[in-house]
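Examining the three-dimensional arrangement
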There are 2 protein chains.
Amino acid sequence: MQRYKMVLEYDGTAFHGYQVQPNQRTVQGTIEEVLKNMTKGQEIKVHGSGRTDAGVHAIGQTIHFDLPLNIPCERMINAMNSQMPRDILFKSCEIVDENFHVRYSAKGKWYRYIVDLDHFVNPFKRFYTGHFPYQIDLARIKEASQDLLGEHDFTSFAASGGAIVDKVRTIYYVNVDFDAEKNELILDFIGNGFLYNMVRIMTALLLEIGSGKRPVGDVKRVIAAKNRLECQGTAPASGLYLYRVFYEEIPEIYRMDREK
Amino acid sequence: MQRYKMVLEYDGTAFHGYQVQPNQRTVQGTIEEVLKNMTKGQEIKVHGSGRTDAGVHAIGQTIHFDLPLNIPCERMINAMNSQMPRDILFKSCEIVDENFHVRYSAKGKWYRYIVDLDHFVNPFKRFYTGHFPYQIDLARIKEASQDLLGEHDFTSFAASGGAIVDKVRTIYYVNVDFDAEKNELILDFIGNGFLYNMVRIMTALLLEIGSGKRPVGDVKRVIAAKNRLECQGTAPASGLYLYRVFYEEIPEIYRMDREK
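**Examining the overall build of chain A**
When helices and strands are counted, chain A shows five helices and ten strands. C-alpha extents for chain A along the principal axes are approximately 60 × 40 × 35 Å. In chain A, buried positions account for 55% of the 260 residues. By sequence separation, contacts in chain A at least 24 residues apart represent 71% of the contacts at least 6 residues apart.

Structure, rendered in structure tokens:
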């Protein structure tokens, strides 16, 4: 029995999210199906670093599973990719010891949200970006985003439905970039964990600040309110990417929270 | 009655091609449906500059239609886009006189083919590129591509099924670029017209030359043979874009055929 840790990317458009659901096409279900074939019928449970919702993408989702086979990592990548549908791609593989758990061993996660700022939705981006066709002030978004840094109770940023009681999380890094050629806003968030829909809610709030609908200091106020009603927008799933999961300590260059 | 000329882009993935077909979702059918709503039930025939196959995309498809309404162009773009599904986007509009015909008035067309060179198919590119996971020699492709320039009988490059008898076309411009960041090959072809599947067949031939499967001088030989059996590959629809239709004379910078 060997424990495999694998990093994969997927286009979330045609999946009902990461997590297995009956009669739905999911990322986990698709991978478990392939592993079942590989082991001639054994049920192999695949553990993910976290769920992604329907339509949410991954550049660096990470999974682990135990396999009663001795397949070297390089062959494993090829074996998986040759059996995977074209919307999932395995990128790396590592044999880890049995103390490694893809969720509990994670030190942090990096999410990216991409917003298309074109007036109309670009046909080629409709499944791969959010869309905000209003005038924005980039400096306001950058300034406001920094108030998310550090340890906070993010109750205001948690969609209902989550079973999690402790809503304190630490955000290490927030960066907002504008890609002029693509007319896209790229928002990066690195933290020790994120509540359900938290990145999409933070993005919606920052966009409302950028368009002038809210004052630039509103992030602080919304955090302090600990009330989801203060911030009801949720940016669409299509713009969200699980970009990377950290199993090493978060590199110093991403520890913006320590500079404060 | 006014004749409108409009330029549009579309993601061809979810269409059964440009041309109307019974019980199929097509670009032309989708547009005619919207115009029917706009005119409260009148059948408005939409003329395209040319068909694109299922899965083929457009950045600059051009259409014309006659409308018994007096809608200014700017409002027309907004009216169309607000009723269009998200995989079609209208970009420009012009009122033209009744002698203008989107097919017969065209002076040339620009097609682009994008090839992803990654080992495995990238999940985010699977509908938007072709895929060629082999070592290629860019210089060989560039050199071979220049033999396509000028007026030739392109019988070897025409898929069967076309009703067209005259297979002489002139290619004005061929350019091959490599985007290192994306690991993509971009092939541009401008000509006075293209036969059915011609761009996809030319692309397949150039890739076979690039990978060393064929000699670099093979383009000349295949053209001279006037036999489709000499060149049986067809690059997939997903990498092909109708990039622009020219109604002015082809600009001098694209007249590479005159330099020969």
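After that view of the structure, there is still more to cover.
**A look at the interface of chain B and chain A**
Listed per partner, the contact involves 22 residues of chain B and 22 residues of chain A. When the two sides are added together, the surface that chain B and chain A hide from each other amounts to roughly 2,000 Å², 63% of it contributed by carbon and sulfur. Of all residues in chain B, Arg86, Phe124 and Arg126 of chain B bury the most surface against chain A, accounting for 37% of the area lost on that side. Note that Arg126 of chain B is salt-bridged to Asp87 of chain A, the shortest N-O span being 3.5 Å.

**So, the pairing of strand E8 (residues 168-179) of chain B**
Regular strands place side chains that alternate from one sheet face to the opposite one. All names here are of chain B. Here strand E7 (residues 150-153) pairs with E8 via four bridges, running antiparallel. Considered in E8, the bridge of Asp153 is made with Val168. Where E8 folds back onto strand E9 (residues 184-191) in an antiparallel hairpin, the turn is made up of four residues, including Asn183, whose phi is positive at roughly 55°.

**Here we look at the nonpolar core**
The biggest cluster of nonpolar side chains holds 78 residues, and the ones touching the most others in it are Ile31, Phe65, Met76, Met80, Leu148 and Phe157 of chain A. The greatest single-element share of this core, amounting to eight residues, is contributed by helix H4 (residues 198-210) of chain A. Sequence-distant contacts of Met76 of chain A, that is, excluding residues within four places in its chain, are made with Tyr4, Met6, Leu35, Met38, Phe65, Leu67, Ile71 and Cys93 of chain A. Among the nonpolar cores identified, the runner-up in size contains 77 residues, and Met6, Phe90, Val176 and Tyr254 of chain B belong to it.

**A look at the relation of the copies chain B and chain A**
Superposition of chain B onto chain A requires a rotation of 180° combined with a translation of 0.0 Å along the rotation axis, giving an RMSD of 0.0 Å. The superposition of one copy onto the other is thereby described by a two-fold rotation axis. Of the C-alpha atoms belonging to chain B, the one lying closest to the rotation axis is found on Phe124 of chain B, 5.4 Å away. Comparing interface residues between copies, 100% of those in chain B also sit at the interface in chain A, which points to an isologous, same-surface contact.

**A look at unusual backbone geometry**
With a phi close to 55°, Asn183 of chain A is a non-glycine residue in the positive phi region. Topologically, Asn183 of chain A is positioned in the loop between strand E8 (168-179) and strand E9 (184-191). The backbone of Lys226 of chain B shows a phi angle near 50°, a positive value even though the residue is not glycine. If you trace the backbone, Lys226 of chain B turns up in the loop between helix H5 (218-225) and strand E10 (240-246).

**Comments concerning the packing of helix H3 (residues 138-145) of chain B against helix H4 (residues 198-210) of chain B**
Residues and elements named next belong to chain B. H4 packs onto H3 with a crossing angle of 135° between their chain directions and a minimal axis gap of 8 Å. On the basis of the axis angle, H3 is oblique to H4. For the crossing formed where H3 meets H4, the hand is right-handed. Of the residues in H4, those touching H3 at Arg140, Ile141, Ala144 and Ser145 are Leu206, Leu207, Ile209 and Gly210.

**A few points about the pattern of salt bridges**
When charged atoms on two side chains of opposite charge get close, those side chains can pair. All names here are of chain B. One pass over the structure, following the stated rule, counts 40 salt bridges over all chains. For Lys5, the salt bridge is made with Glu94, and the minimal N-O distance between the two is 3.6 Å. Here the residue Lys5 occupies a position in strand E1 (residues 2-10), and Glu94 occupies one in strand E4 (residues 88-96), the gap between them amounting to 89 residues. By relative accessible area, which is 13% here, Lys5 ends up buried. Residue class for Glu94 comes out partly exposed when judged on its relative accessible area of 41%.

Cut-off values and rules
Residues numbered from 1 in each chain as written. Chains lettered and ligands numbered in written order. Predicted model: local features only at pLDDT ≥ 70, side-chain atom pairs only at ≥ 80, totals over all residues. Heavy atoms only, no water. Helix = DSSP H or I, 4+ residues; strand = E, 2+ residues; numbered from the N terminus. Buried < 20%, exposed > 50% of the residue type's maximum accessible area, 1.4 Å probe, protein only. Contact = heavy atoms within 4.5 Å. Buried area = accessible area lost by both parts, 1.4 Å probe. Salt bridge = Lys/Arg side-chain N within 4 Å of Asp/Glu carboxyl O. Pairing = 2+ DSSP bridges. Core = buried A, V, L, I, M, F, W, Y, C linked by side-chain atoms within 4.5 Å. Least-squares fit on C-alpha atoms with pLDDT ≥ 70 in both. Axes fitted to C-alpha atoms, helices over the stretch in contact; angles between N-to-C directions. Parallel < 35°, antiparallel > 145°, perpendicular 65-115°, else oblique. Left-handed = near helix turned anticlockwise from the far one by under 90°.

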